[in-house]
Amino acid sequence: MANNTTPPPPPPPPKKSKRIVRDTNRGKWRSKSEFILSLIGYAIGIGNVWRFPYLCYRSGGGAFLVPYILMVLLAGIPLFYMEVLIGQFSSTGCTGMFRLAPIFKGTGIAQVIVNMYCVCYYSVIISYPIRMISYCFYKQVPWVDCDHSWNTDHCVSIDELSKQNSTGFVTSADEFFHREVLQLSSGIAHLDGIVWQQTLSLFLAWIVIYLCVAKGIQSVGKVVYFTAPFPYILLFILFVRGVTLPGAWTGIKFYMYPEWNRLLDLKVWADAAVQMFFGLGPGWGGIVNMASFSDFRNNAKFDSILIVTVNVFTSIFAGFVVFSVLGFLSVKSGIPVATVATSGPGLAFVTYPEAIAKLPVPQMWAIMFFFMLFLLGIDSVFVQLEAITSSVLDEVKWFRNHKWKLTFVCCFVFFLGAIIMTTRGGMYILQLFDWYSSAISVIAICLVEIIMVSFIYGIDNFMLDVEFMMGKRPSLLWKILWKWVTPVVLIFIFFTSIIFIRTIQYHNTIYPQWAIVIGWASFGSSVMWIPLYVLYIMIRKRETMFDSLKKRLKPLDWTPADPEDREQYEAFRRQRRMPAFMSDTDAEAMK
């Protein structure tokens, strides 16, 4: 009997998982040394010379090294190593890294905005050494006496400092920098026009920056062979000259003498934490971006520990260079070291030039010092600018064939944005953005990163990825640091940095309340994208709120960029009975 039943239709073919097609031609470092030098140049900047030594002296001398080293060990190295691993594994920049948990992509946007602020004001900082070098070709450096049109009746030359018993005087070096170089106005509310010589110096700085980064890592990789190691040569020469000056060891003793009771002050620990972030540079996106151009099997652990060690050594060594000369200035002027010691622009462009003026052939020593500051600063700009452009290239592939045009537009826009800081009130604006726009934002970004890796993606999944890439699973110590110790330290740093933030002032001028509001707004303008992107995803997508959140808390194509590595990676995950993109919860269920 015939069966008239119609056979059921064949089942539909299984849906192919949606995968982002990634461009594997982002570029690669030609050698490991290029990568290490670029990160050394990025991590070691002007702050190592003009901020760390003063913080060390102010916060207990040698005792300050205790909280600083602890912060480096418990948060600095784990974050640095984690960011190198993320960039190396994924071959993506600071926005693409958040495919690890797509709902946090707003954190990548926050990183780009923080870098944009920093590139603008940092380019102005490195334009100051250019301007100062131009004065070093005079027969006599102009900050040594009071015989100039910019000097006032309160001016006292460096040679007459020891004869002063009153407190109402201003040194010739101070008046030179603030009345001639900056032509400083009375406050942030008074911009009072552009200082054209400073704008020209800024323009020259951006020309150098563009020429060095126009071809991306191809040009940066060549430039860092000079810009990264050469400051160390200059720093060593200045060290040898400094420690052989009379009074040098008085300054060094003042720098390193430990005040152990200061360890009970929570502000000291907060200062150590903030200095660690400024010194090593986690959370800015530069580390992830530079590591994304590394070889997939590169020994990231060795590189990370080496770079952090060099950074810490440089900060401490720079203190000897600075305070040996300040001790010399103290002996020559009769003013205590505690009075001449300062930080920031005051140290780099007032106090140190005062000391240099006491040396034979001060022009030569001044050129060396200011050129060193320029090289220390320009490396940091390279990496931050590359982080911005690489983020754009990762998101908009069309720009890949127009890299130099994109870089040119970015340089031009940032130059225009920085011009306001070359006005007579520009230094007040620079200090405001340096104070508020980046420090706390970067801490918040790092906190999101560590939560994303350790708790959303899962520390076991991350360590498995590292095992595949490095051929060896990280030790239990790294797991404890990444999952428990570093997050706790970051929470402590975040709140203490807000609670103990100091009242901003420059040159004894207190900022008005509206300026402080603008400063906090610059902080909010970056970190606000973290919750805003979460809200955008929840509104834009058609799933229910729960489904939308659940879907975007899972990785989106978190695999190596190279097709061969990707195939091996997926086979490795299957062998371990842990399919790719699995969360810790699913992994535990499979066990």
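Residues numbered from 1 in each chain as written. Predicted model: local features only at pLDDT ≥ 70, side-chain atom pairs only at ≥ 80, totals over all residues. Heavy atoms only, no water.

S.K.: Provide a residue-level description of the UniProt feature "binding site: Na(+)" (unreviewed entry) in the protein chain, including the pertinent values.
M.R.: If you check UniProt for "binding site: Na(+)" (unreviewed entry), the listed places come out as Gly-41, Ala-43, Asn-48, Asn-311, Leu-376, Asp-379 and Ser-380 in our numbering. Of the residues just listed, which span 340 residues, no C-alpha pair is farther apart than 13.7 Å, and they cluster in one region. Positionally, Asn-48 belongs in helix α2 (residues 47-50). Look at Asn-48 and you get buried, because its relative accessible area is 3%. Ignoring anything within four residues of it in the chain, the contact list for Asn-48 reads Ala-43, Pro-53, Asn-311, Ser-315 and Ala-318. Inspection of the secondary structure assignment puts Leu-376 in helix α16 (residues 362-395). With near-sequence residues (within four places) excluded, Leu-376 lies in contact with Gly-41, Ile-44, Gly-45, Ile-46, Val-49 and Pro-231. (UniProt positions renumbered as here; feature names shortened; annotations may be inferred. Helix = DSSP H or I, 4+ residues; strand = E, 2+ residues; numbered from the N terminus. Buried < 20%, exposed > 50% of the residue type's maximum accessible area, 1.4 Å probe, protein only. Contact = heavy atoms within 4.5 Å.)

S.K.: Explain the pattern of salt bridges to me, and be specific about the residues and the numbers.
M.R.: A full pass over the atoms with the stated rule returns 11 salt bridges. Between Arg-30 and Glu-34 there is a salt bridge, with the nearest N and O atoms lying 3.3 Å from each other. Since its relative accessible area comes to 49%, Arg-30 is described here as partly exposed. Taking relative accessible area as the criterion, Glu-34 reaches 3% and is therefore assigned buried. The closest approach of N and O atoms between Glu-395 and Lys-105, which form a salt bridge, is 2.8 Å. A residue pair is termed long-range when its members are at least 10 positions apart, and Glu-395 in helix α16 and Lys-105 in helix α5 (residues 105-134) qualify at 290 residues. A relative accessible area of 25% places Lys-105 in the partly exposed class. Through salt bridges with shared partners, one network takes in Asp-460, Glu-467, Arg-473, Lys-479 and Arg-576. (Salt bridge = Lys/Arg side-chain N within 4 Å of Asp/Glu carboxyl O.)

S.K.: Would you mind going over the environment of Tyr-68 in detail, with residue names and values included?
M.R.: Examined against the element boundaries, Tyr-68 turns out to sit in helix α4 (residues 65-90). Residue Tyr-68 is classed as buried on the basis of its relative accessible area, which comes to 0%. In the structure, Tyr-68 is positioned 458 residues away from Ser-526 in sequence and 27 Å away in space, judged by C-alpha atoms. With sequence-adjacent residues up to four places away left out, Tyr-68 is seen in contact with Phe-52, Ala-272, Gln-275, Met-276, Asn-311, Val-312 and Ser-315.

S.K.: If you had to explain the state of the cysteines to someone new, which residues and values would you point to?
M.R.: Here the structure, examined in full by the defined rule, presents 1 disulfide. Disulfide pairing places Cys-146 opposite Cys-155 at an S-S distance of 2.0 Å. Here the S-S torsion is close to -80°, and the disulfide linking Cys-146 with Cys-155 is therefore left-handed. The class of Cys-155 is buried, set by a relative accessible area of 11%. With no disulfide of its own, Cys-118 has Cys-120 as its nearest cysteine by sulfur position, at a separation of 9.4 Å. (Disulfide = S-S within 2.5 Å.)

S.K.: Let's hear about the environment of Ile-113: which residues, and what values?
M.R.: By secondary structure assignment, the location of Ile-113 is in helix α5. Among residues more than four places away in sequence, those in contact with Ile-113 are Ser-525, Ser-526 and Trp-529.

S.K.: Outline the packing of α4 against helix α11 (residues 266-280), supporting the account with residue identities and numerical values.
M.R.: Contact pair α4 / α11: the axes reach a minimum separation of 9 Å and the direction vectors enclose 40°. Taken together, the axis directions place α4 and α11 in an arrangement best described as oblique. α11 is crossed by α4, and the crossing has right-handed handedness. Between α4 and α11, the residues in contact are Pro-67, Tyr-68, Leu-70, Met-71, Val-72, Ala-75, Gly-76, Leu-79 and Phe-80 and Val-268, Trp-269, Ala-272, Ala-273, Gln-275, Met-276, Phe-277 and Leu-280, respectively. Taken together, the residues that form the contact of α4 with α11 break down as 15 nonpolar, 2 polar and no charged. (Axes fitted to C-alpha atoms, helices over the stretch in contact; angles between N-to-C directions. Parallel < 35°, antiparallel > 145°, perpendicular 65-115°, else oblique. Left-handed = near helix turned anticlockwise from the far one by under 90°. Nonpolar A, V, L, I, M, F, W, Y, C, P; charged D, E, K, R; others polar.)

S.K.: Mind laying out the side chain of Ser-380, listing which residues take part and the relevant values?
M.R.: Counting through the fold element by element, Ser-380 comes out in helix α16. Discounting residues that sit within four places of it in the chain, Ser-380 has contacts with Gly-41, Tyr-42, Ile-44, Gly-45 and Tyr-122.

S.K.: I'd like a description of the side chain of Asp-303, backed by residues and values.
M.R.: For Asp-303, the position within the fold is in helix α13 (residues 300-333). Here Asn-298 takes part through its side chain, which lies 2.7 Å from a polar atom of the side chain of Asp-303. Discounting residues that sit within four places of it in the chain, Asp-303 has contacts with Lys-32, Phe-35, Ile-36 and Asn-298. (Polar contact = N/O pair within 3.5 Å; in protein donor to acceptor, adjacent residues only side chain to side chain.)

S.K.: How would you summarise the nonpolar core if you had to cite specific residues and measurements?
M.R.: Generally speaking, a soluble globular protein has its nonpolar side chains buried in company with each other. Among the nonpolar cores identified, the biggest contains 192 residues, and Trp-143, Phe-370, Phe-462 and Trp-482 are the most heavily contacted of them. The element that contributes the greatest number of residues to this core is helix α19 (residues 439-470), accounting for 19 residues. Apart from the residues within four sequence positions on either side, Phe-462 is in contact with Met-82, Leu-85, Ile-86, Val-453, Tyr-457 and Trp-482. (Core = buried A, V, L, I, M, F, W, Y, C linked by side-chain atoms within 4.5 Å.)

S.K.: Let's hear about the packing of aromatic side chains: which residues, and what values?
M.R.: In the structure shown here, the tally under the stated rule is 52 aromatic pairs. Ring centres 5.7 Å apart and planes at 50° place the aromatic pair Tyr-135 and Tyr-138 in the tilted group. Relative accessible area serves as the criterion here: at 42%, Tyr-138 is assigned to the partly exposed category. Members of the aromatic cluster, joined through ring pairs, are Trp-50, Tyr-128, Tyr-135, Tyr-138, Trp-143, Trp-150, Phe-176, Phe-177, Phe-349, Tyr-352, Phe-369 and Phe-370. When the ring centre of Phe-468 is taken as origin, the NZ or CZ atom of Arg-297, which lies over that ring, is 4.7 Å away. (Phe/Tyr/Trp six-rings, centres within 6.5 Å; stacked < 30°, edge-to-face > 60°. Lys NZ or Arg CZ within 6 Å of the ring centre and 35° of its normal.)

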